[in-house]
Structures are given as C-alpha cells and as structure tokens.
Amino acid sequence: MRTPRLSRRALLRGAGGVAIGLPALEAMLARKAWAARPRRFIVFFTPNGTNRPKEFYPGQTGANFVLDTESAPLEPLRNKLLVLSGVAYESAKRDIPSGADLHSIGLSHMLSGVKFVNDPRFYGRVSNQSAGYAGGISLDQYLARKIGGETRFPSLEFGVCTTTDFGVLPFSRMISAGPNQPIPSENDPAAIFTRIFSEGGGSSTTAIEKAHAQRRSVLDFVRDDLTRVRGLVGPTDRKKIDSHLTAIRDLESRLARPLPAVSLSCGSGSFPRMGDPLDKANFPGTTRQMMDLMTLALKCDATRIASLQLSWARSTLIHTWANAHKSHHDMSHFGSTPELTGVNVWYAKQVAYFAQALAAADEGDGTSVLDNSVVWWCSDVSDAIIHSFDNIRVFLLGSCGGALRTGQSLSMGGQPHQKLLVTLMNAMGVPENQFGDATYGTGPLAGVLA
Amino acid sequence: MSRRFGRLLLFGVLPVFACTGTGRIIDPDDRMGGGGMGGMVPGPLPPTAPECMNAPVRPGPSPIRRLTRAEYNNTVRDLLDDNSEPANRFAEEELGLGFSNNAVVQSVSGLLIEQYETAAANLAAAATSNLPRLLGCDPATRGEDACVRDFLGNFGMRAYRRPLAPAERDRLFGFYMTSKAAHDFRSGVSMTVQAMLQSPDFLYRLETGTATVSGSVARLSGYEMASRLSYMLWATMPDAALFEAAAAGKLDRAEGVREQARRMVDDPRAKQAVNLFQSQWLELDKIGSAQKDGGLFPRFTPVLRALLRKELELLVSDVMLNSGGARSLFDADYTFMNKDLAAYYGVRGPAGEAFEKVMLDQKKYLGVLTRAGILAANAKADQTSPVLRGFFVRERLMCAPPPPPPATVNTTPPAPDPSSTTRDRFARHRADPACASCHQLMDPVGFGFEHYDAVGRWRDTDGGKAIDASGEIIGSQDADGRFDGAVELSTRLGKSPQVRACLVTQWFRFGYGRSEIDDDRCTLGALNAAFSTKGDFKDLLVALTQTDVFLHRTAEKGSP
C-alpha cells in the first residue's frame, strides 16, 4: 500500500513563514494495523504541587467525582481519567532530615522510589540547601529496558526550559538511568524533530540501512577503544567508562535492529522553528510544540515510553501568558490566590491538550492511542506551602489497554508510592512485584488494576 | 518546627551562626572558608605551617575528566579549523559547585552519545570535503593509502593529544582500509575521523601513564601535562609549542611547566578559560534568563542583556589578564561599553557598535558589583532584592553563605509597595529573631545596592523616598563594619583577604575540576601566598600549575 508521506513542501506550506505548529498529523502517517496494541507510558510533570490541598482531590470516590477548578480542564476526558488520592512519597519523608531542598527530594523520589543521593556540591544556589539526583533508575527507564527494544527509541525525554536559574542542577532532572546518573531531556523541538524523523520518509530503506551499517562500524571501533581504556583506569573512573560503554552498546544494538516500517512513513523535511525554545517568553509555544512532537512520536511508534518535564522542580517561572506576574515558587508559598490558580489551570490545560491529542489518534481498531496509554500527571510535592509528600499528584489518563479502570476517583488511604510505580509497571505489561525501595511496599495498589 | 523555635529561644541571644533551619548547629568559630555548605573545608594553611613544611605529596583525587561543551568546541576548532560549534547542540551540562567541568558531575547519557555521533559525522563531512587539505597531502599524486598513513600519525597525535603507538596507528589504518573497501575513499577517511572524534582518547583527558612517585602518587607524562596546561589556561587542546615541549621532556619538571604557563597566560587564548571561569563563577547566564517585568522595564530586551553580559566578559577578563589583582575586580574605575550600552547607563562616550573603554563616575560606580548585568541578575522581576544581592556577595565572593532557611519558612518577597522603600518592606527579617539570625548576614549587605534598580540602573529614589544605601557586613573574617553604598562596599571587598582567598578557592575548583578536601589546605595556602604577594591574577594562574595537585595525580587503589 502506498503510504502518503509528508513532503518538505507540505511542511513549509503549513509553516508559511509564521509557524503556527505542526501540520495536520494525519497527513504524516500511514494507516497502520497492529497485531497487538502496544501500551505506552508517559510521564507529564508540572512543578510546585498545589496550593489547594483540600480541594485538589475530589471529595467523592467512584464515578461521580467532581473536579476542582485547578483540574477542571480535564473534565472532557473524565471517562479516561483515574484519580488516586492518598498515595504518598513515603520514602521521601525519610530523606527530609538530610536538610536538603524538599523539592529536590520529592523530584528524586517521584520516579525512582529510592533514597536520593544527597550532595553538598549541589547545594544552595537555588535555595541555599543541598540537593541531589535520584538514587536509582526511574520507572520510565526501567520500562524502556524491558519493552523499549521494540521501537527505534527505547524512550524519549522532552522538556521545556528545564534549566534552573542557576544552571542544570538536580531540580532539572527527573529521569535517571541509575544512582546519580541523570538523563537530560531535549529542550529544543527542532533538535528532537531531527533526531526522531530525519531518517524518515523520503529515504529509501537501502540508504538508511547503509547509513546504519556505517554508523555501527564506527561505533564498534569506538567500543573497542572504550574497552581498552576501561582496563587502564581505577575503579571510580571505570564506572564512568562503563556507562559510556553501555550507551554505545545500546545505540549499536538499536542500529542493528530491522527498521520498523511504520516509522519510515513518518515525517521528513525541516521543522517550523518558532523562536528560541530557551526563552521563557516562548514557553507556551514551545510546550505546545513538544506535546505535538510527543504525540507524533507515539503515533509513529518511534517510542512507547516518553516523558515531558515542564520547567523544573521549585520552578520560579513567571507565567505572564496566564496573567501571573510573580515567580511560581514564591506564589506557592503564599497560599492559594486567583493568580496562582490561573497558573495551575494553565498547566492543567496543557495536560488536557496532550491527552486530547492522544485521544484523537485513532489506532485503526476503534481504540485511540490514549486508550492504550497511561499518562501520569505528577509533581515534585503536593501541598506546596509545607512541601508535603502526602496525597501526591496522581492523575492518570488512559486505561493502558484496559489494564486500568478509568472514569473514577479512588482513595488509597495512605499508600507508599512504590506501589503506584508497581501498578503502572504492571499496567504496562511487566508483571514484577516491586519497584524502588521494596521495604516501603510491594505489589500494586489494591483495586486499581482491572 | 515549633520544637526548633523552642530550642532557639532557650539560648537567649543567638550566636551569629546558630541558625538551625536544618537542625544543625554550625561552629561559630568556623569562619574560615565559610561555615555553611559553600565552604567545604576548614580553610587554607600557610606554607609555614608545620603541616605544610616538608609535607608529603598529596595530589588528592584525580578523577577522569571529559571535555565540556566549550572545551569540545574550542578543541574541534583548533583540531579541524571548524567553527561550527557543534557542542552548542549537546545536552546542557550538570553543574558541580557552579562549574560544568567538575569531574564528579560529568556523566554520559544515551542522548549525549547520539549527539557526539552526529557532531562527529558533521565534522568529518566538512573536513573531508577538501581531502588534500585535511590529509596534508594530495592523494592523487602521493597515493591514497600513503597519504592516509601519514595523516593518521599526525592527526592522531593531535586528536589524542599524544603520539600514537605503532599498533594504534595500524589499527586505525586497518579500519580505514576496511571502510574504504566497503564504501569509497572519502567514506573511508570520514569514518576513521568519526571514530577518532568519538574515541575516549579524544573525549576524555586520559591520564594513565608513567611511574608512580610513591604509593599511589604518580607523575604525569609530558603530553598529559600539556593537556592539563592547555585545558586549564586556554580551555582547548595543546598548541604546537606545547606538544614540542612535551616531546622534548620539558614538561617533566615544574620549572618547564612554569615556563609554558607564563607564555600561556600572556597569550590571547587565556581569555577562553578566563571567560568560562567568570561566566560560571559570576553566574552570567542569569543575565539572559532572569525574567523581568516587561511593562516596568521595556528596555531590558534580549539584545540589551547580551550587551550587559559582554560588558562583564570584557571587564573581568581585562582585569584578570591585563591589569592585576583581586582588588581591581572591585575597584576598577573603568568598564567597556558601546553606544547602546552607554545610552542604557545614561553616560556619554562610545559612538558605535564596538566596545570601548569607558571611565566610571566613581560617585556612583566602581568595579564589577556596580555593573547592571550583575545587579539585574540578582534581583526580582519587578523589584530589587537585598537578599539575592547579599547572598551573592557572601556566597560567590566570600565563599561564606549563610546557613539554609528553615524548611517551612515563607520566602515570598513582599509585594512592591509604591509608597515604601525596599528596606521598610523587609523589616520582618530584622524583627523576627528566627529570620534575623541568618538574614542579618545578607540583607544589610544587599541594602548597599539599593541605588541600582531591578535592571541595574542608578536610581535616586525608591517608593518616592530618598534611598538609604547604608549597610553592614557582619560575621566575616576581615570585612566587618558599616558602609554606605556599593562603591564603599566594593572598596572594602577589594581589600579583603577573605575575598581573595575565596577567589583562589573558586579557581582551585575550576582549574582542577574538583572540590577541595582537607588534604588541600596546604595547597590553598600556597596559592593564597602566591596571589597576595602582588595580587596579580596571572601569578595565581601560574601558581595553579606549580602545586602538587597539578604536577601529580593519585592513582586510585585498584588501578592497574
């Protein structure tokens, strides 16, 4: 079947000098039929928790839940929504006496569920307290190791303005490959577009395979060099060389896999550049582009594990486009105000936009990409004034191929979030019974998995 | 939280450093190097101290160091004559103690590996677009393989920053032959270059050779020393003169190292390293990234921010490389501006785009601390910030940050009240003892900058009232006392040994790529002594090459 491919002309026609966003996604894809519908896992991070801790979660459990103002934008998606209150970053509480910044602690526990690596070297330019990276692998990366081999990219990390006021610090990194091994997100939409789609439609399979063969040959040579160097250095340095080696090996093996046909039909040509993605004035536009790119990457099956980090934990962003004129973090310590609610509603609208885009993506069998995904809307803390780790944000969108019963709000009554991570892992088809620090809990949350 | 407050009240009058936001009491006498988390060790020991006389060689940890983005760009520019700066597209680097070249925080992710690969492919494509030029001979007349064989020896030596062993050269040549056979001549060369640009010998500064001095202390080979010199003083690969010195064995002795260092600090390339140092130490990125209220400050555009940053780059590198000492950073009576920047400051002088030296009105301005870039970077979007500015002075310039705030404190600044001054609005920091014990270290310093608004321009009134820019430093080693305004403050800081020692510590961290430890106290003392004789930065830079830390490395236990 002839697959329609988006030509460079078509892309630029849509851009027309003033870029509006990605052209119609349908034009970029071949219709595809899955033998088995793949499941996707997406982390969607917004900073600084909530200032309406009592109202934030619906007072009702079951299907007739009422959403608060700051999550009301999700109302059109209520049948796809699963709200879980009463989950806590219990393990994060044990790190509080370290004296480190609580936003950093929360962020490091969020996806890893283990004690963080406190380090005075990362102290204080953000808050005059120490900080540290996660003490273990993040769930998305763990899933990527398990199921990521089936796609061109085991996972993709997207971010918008994730660098803090004082440079890249632990507040900037929610994804980790292991203890003290942060993984950066891509903050430039044009760069990530090139990375994902430059080998797309327009190139013949032969040409791509030849390019891959060359790359593998070079990487093979480099790998041998690294192995030799590994034998020349001491134990501490060897760990660095090892993670370098692992990354080379991963890339090599990805290049050795046969190219999934569907990703070849996705995208080509140049990307409509909207403006400096590092300029905070462009934050909303860059966010929109990132969400569009994530949607496209998921629809094209370039990956099944993705994450989007908006700003950074303890963000000081001033959201002028949402009529806010103070730093987010400053406001978050001053109680709930209409100005702050405006900011949080803006974030909720982004989550809604993204989920709607996935919901509109037809899998070809009556289900949508969202139906076969779970999107976890998460944050570094819950009640921002006291940096609480109780009732952490768990808004799940998508039933993950029917693994989760959506359309309801449930109270977990104070469960450690390791069990949430296990729940999500099981929903993604990995049947293991523990994740992170198992002393806090094993097994999934009761009553959540279908 | 209430328990902590109870304990504070029991002690009555609080000793200065007893803020217990985290439950830790900090030794009030531990003022050397900063009692808080920013000062890592108890402080330098002078060369005459018993611990330092005839002390054994203790280089401290010598972790493997990877090229930073800036170093990568400079290196490929010098290696391949390529100005495309591919590393600007690499993932932004994690910082350790404010510096991206801190070895401990350097890590490699899958994304970075792909970015290295893409960069190598693009660099090789550009380089092989003119093969005779790249190879240094004409393959058509000399023969392809003969050309490449020679090229690999020469290029390999420069790419790996040391001569290749014959086996290495053979292996590279074999790779070229295989690649050429599979594809074509140009691809063969390109793939070989790509392999070298992704090799650990290129991306890391490997220090694995040479005999140990004793125990785990090892010397460095001449070539390893050449790289230490070039990356610390120029942020790039060694030049031909350094390679020659290495080959001739001149870098095997401290004296030979010093000779090269003296040449290098006088070379314009020293600006590359100095600019990297100062942009991180003074956090110049904030000039571009700090959000400002566009309604209040419409002139604070991205273009202006870039000019303010450039002013500081020119000023600080001029002070450090042309004119002298720590004092000059703070009491330099000049700066650099172009026409647009002069208009912003409201001064006359430069006529065009080019930056020129401009003398300062010393009633209002003196040294780096009165430059708008620094003042705007350390302010809020719509108001000044005595806390940010005071903290900047204590942490960045004195290496003595206050202890952290209590976990539950409300850190929201008061709303700008058009009818009151900043000083009035921060009254609670003085009135509430839980706040005051730490804020007395910051606010009174920051109030000294009240004549410069949130975007760094001079102002005479605040909230309609005349400005009171009086301030006070307390709890420092040698700079305590009242002052009035930033000019007087700057003069005092310029004379402070603590500030000078802090600068030495910052250069230690940047120059050696690691934090200081107890074993470094004598090294820091020696560096302080070298710096304070004349107070010339170039002396400090050269002195950094004469320490045990620089001239040796520690081979970790378990190393082969």
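Summarised in this report is the structure supplied together with it. This one's a predicted model, so the numbers in the text were calculated from it and none came from an experiment.

So, how was this worked out
Residues numbered from 1 in each chain as written. Chains lettered and ligands numbered in written order. Predicted model: local features only at pLDDT ≥ 70, side-chain atom pairs only at ≥ 80, totals over all residues. Heavy atoms only, no water. Helix = DSSP H or I, 4+ residues; strand = E, 2+ residues; numbered from the N terminus. Buried < 20%, exposed > 50% of the residue type's maximum accessible area, 1.4 Å probe, protein only. Contact = heavy atoms within 4.5 Å. Areas by Shrake-Rupley, 256 points an atom, 1.4 Å probe, with all protein chains shown as cover. Pairing = 2+ DSSP bridges. Axes fitted to C-alpha atoms, helices over the stretch in contact; angles between N-to-C directions. Buried area = accessible area lost by both parts, 1.4 Å probe. Salt bridge = Lys/Arg side-chain N within 4 Å of Asp/Glu carboxyl O. Polar contact = N/O pair within 3.5 Å; in protein donor to acceptor, adjacent residues only side chain to side chain. Nonpolar A, V, L, I, M, F, W, Y, C, P; charged D, E, K, R; others polar. Expected span 1.5 Å × (residues − 1). Arc of directions from axis to C-beta. Parallel < 35°, antiparallel > 145°, perpendicular 65-115°, else oblique. Left-handed = near helix turned anticlockwise from the far one by under 90°. Disulfide = S-S within 2.5 Å. Phe/Tyr/Trp six-rings, centres within 6.5 Å; stacked < 30°, edge-to-face > 60°.

**Let's talk about the overall build of chain A**
Right, so step 1: In terms of regular secondary structure, chain A is built from 13 helices and eleven strands.
Right, so step 2: Burial status across chain A gives 64% buried among its 450 residues.
Right, so step 3: Considering only intrachain contacts with a sequence separation of at least 6, the fraction spanning at least 24 residues in chain A is 74%.
Right, so step 4: A total accessible area of about 15,600 Å² is found for chain A, and carbon and sulfur atoms account for 52% of it.

**A few points about the environment of Arg52(A)**
Residue and element names in this part refer to chain A.
Right, so step 1: You can see Arg52 is positioned in the loop between strand E1 (40–45) and helix H2 (53–56).
Right, so step 2: For the pair Arg52 and Glu70, spaced 18 residues apart in sequence, the C-alpha separation works out to 8.5 Å.
Right, so step 3: Residues within four places of Arg52 in sequence aside, it is in contact with Asp68, Thr69, Glu70, Ser336 and Thr341.

**A word on the sheet that holds strand E8 (residues 305–310) of chain A**
Residue and element names in this part refer to chain A.
Right, so step 1: Strand order in the open sheet made by the seven strands is E5-E8-E1-E9-E10-E2-E11, with mixed pairing throughout. Single-partner strands in this sheet number two, and they are strand E5 (156–160) and strand E11 (408–416). Here the average twist between neighbouring strands, direction ignored, is 20°.
Right, so step 2: The strands that helix H5 (residues 139–147) touches are E1, E5 and E8; relative to E8, the one it contacts most, it runs at about 160°.

**Focus on the interface of chain A and chain B**
Right, so step 1: Counting residues at the interface gives 62 residues for chain A, matched by 74 residues for chain B.
Right, so step 2: Both sides of the chain A and chain B interface together cover about 5,900 Å² of buried area, and 56% of this is carbon and sulfur.
Right, so step 3: Between Glu117(B) and Arg215(A) there is a salt bridge; the shortest N-O distance is 2.7 Å.
Right, so step 4: The tally of links from chain A across to chain B stands at 25 residue pairs in polar contact (both at pLDDT 80 or more).
Right, so step 5: Every element with two or more residues in the side of chain A that touches chain B is listed here: helix H7 (205–230), helix H8 (235–256) and helix H11 (328–332) of chain A.
Right, so step 6: If one sorts the elements of the side of chain A that touches chain B by residue count, H7(A) sits on top with 13 residues.
Right, so step 7: A per-class count over the side of chain A that touches chain B returns 27 nonpolar, 18 polar and 17 charged.

**What to know about helix H7 (residues 166–182) of chain B**
One turn of the α-helix equals 3.6 residues, which is why residues spaced by three or four share an orientation.
Right, so step 1: Taking 1.5 Å as the rise per residue, H7(B) with 17 residues should run 24 Å; its terminal C-alpha atoms sit 24 Å apart, in good agreement.
Right, so step 2: Every buried residue of H7(B) is accounted for by Glu168(B), Leu172(B), Phe173(B), Phe175(B), Tyr176(B) and Ser179(B). Buried residues in H7(B), looked at end-on, bunch into an arc of 155°, giving them a common side. Every exposed residue of H7(B) that faces more than 90 degrees away from the buried side is listed here: Pro166(B), Ala167(B), Thr178(B) and Ala181(B).
Right, so step 3: Considering only its buried residues, H7(B) is in contact with H7 of chain A together with helix H6 (144–160) and helix H8 (185–198) of chain B.

**Description of the packing of H7(A) against H8(A)**
The description of two helices packed together rests on the angle between their axes and the distance between the axes.
Residue and element names in this part refer to chain A.
Right, so step 1: For the pair H7 and H8, the least separation of the axes is 9 Å and the interaxial angle reads 160°. Taken together, the axes of H7 and H8 lie roughly antiparallel to each other. In this structure, H7 crosses over H8, and the sense of that crossing is left-handed. Of the residues in H8, those touching H7 at His212, Arg215, Arg216, Leu219, Asp220, Val222, Arg223, Leu226, Thr227, Val229 and Arg230 are Arg238, Ile241, Asp242, His244, Leu245, Ile248, Arg249, Leu251, Glu252, Leu255 and Ala256.
Right, so step 2: Taken together, the residues that form the contact of H7 with H8 break down as ten nonpolar, three polar and nine charged.

**Focus: the state of the cysteines**
Right, so step 1: Taken as a whole and judged by the stated rule, the model has three disulfides over all chains.
Right, so step 2: In this model, Cys52(B) is linked to Cys522(B) through a disulfide, with the two sulfur atoms separated by 2.1 Å. For the disulfide bridge between Cys52(B) and Cys522(B), the dihedral angle about the S-S bond is near -85°, and by the sign convention the bridge is left-handed. With Cys52(B) in the loop between helix H1 (2–10) and strand E1 (65–66) and Cys522(B) in helix H25 (residues 521–534), this pair connects stretches of sequence that are 470 residues apart. An identical accessibility class is assigned to Cys52(B) and Cys522(B); each is buried.
Right, so step 3: Paired through a disulfide, Cys137(B) and Cys147(B) show a sulfur-sulfur distance of 1.8 Å. Residue Cys137(B) is found in the loop between helix H4 (131–135) and helix H5 (139–142), and its partner Cys147(B) is found in helix H6; the two are separated by ten residues along the sequence. Of the two residues examined, Cys137(B) and Cys147(B), each falls in the buried class.
Right, so step 4: Counting only cysteine sulfurs, Cys378(A) is the nearest neighbor of Cys400(A), a cysteine outside any disulfide, at a range of 15 Å.

**Focus on the side chain of Gln280(B)**
Residue and element names in this part refer to chain B.
Right, so step 1: Along the polypeptide, Gln280 turns up in helix H13 (residues 270–281).
Right, so step 2: Relative accessible area serves as the criterion here: at 14%, Gln280 is assigned to the buried category.
Right, so step 3: A polar contact is formed between the side chain of Gln280 and the backbone nitrogen of Ser100, at a distance of 2.7 Å.

**Here we look at the packing of helix H3 (residues 110–127) of chain B against H8(B)**
All names here are of chain B.
Right, so step 1: As a packed pair, H3 and H8 sit with axes 9 Å apart at the nearest point and diverge in direction by 140°. On the basis of their axis angle, the class for H3 and H8 is oblique. Seen from above, H3 lies across H8 with right-handed handedness. Mapping the contact onto sequence places Tyr116, Glu117, Ala120, Ala121, Leu123, Ala124 and Ala125 in H3 and Arg186, Ser190, Val193, Gln194, Leu197 and Gln198 in H8.
Right, so step 2: The class makeup of the residues in the contact of H3 with H8 is eight nonpolar, three polar and two charged.

**Brief notes about the packing of aromatic side chains**
Aromatic ring pairs are reported here in terms of the distance separating the ring centres and the angle at which the planes meet.
Residue and element names in this part refer to chain B.
Right, so step 1: Counting across every chain of the model gives 38 aromatic pairs over all chains.
Right, so step 2: Seen from their ring centres, Tyr176 and Phe185 are 6.2 Å apart, and the 80° between their planes marks the pair as edge-to-face.
Right, so step 3: Considering the side-chain rings of Tyr365 and Trp458, the 6.3 Å spacing of their centres and the 70° angle between planes classify their relative orientation as edge-to-face. Residue Tyr365 is located in the loop between strand E6 (356–359) and helix H18 (372–377), and its partner Trp458 is located in the loop between helix H22 (433–446) and strand E7 (461–462); the two are separated by 93 residues in the primary sequence.
Right, so step 4: In this structure Trp458 comes out as partly exposed when scored by relative accessible area, which is 22%.

**Looking at the pattern of salt bridges**
Right, so step 1: By the definition in use, this model includes 58 salt bridges over all chains.
Right, so step 2: A salt bridge links Arg223(A) to Asp220(A), with the shortest nitrogen-to-oxygen separation between them at 2.6 Å. In this pair, Arg223(A) and Asp220(A) both sit in helix H7, three residues apart, roughly one turn of the helix.
Right, so step 3: For the salt bridge of Asp170(B) with Arg149(B), the shortest nitrogen-to-oxygen distance reads 3.5 Å. Of this pair, Asp170(B) sits in helix H7 while Arg149(B) sits in helix H6, and the two are 21 residues apart along the sequence.
Right, so step 4: The class of Asp170(B) is partly exposed, set by a relative accessible area of 43%.
Right, so step 5: Bridged by salt links that share partners, the residues Asp225(A), Arg228(A), Arg162(B), Glu168(B), Arg171(B) and Asp201(B) form one connected network.

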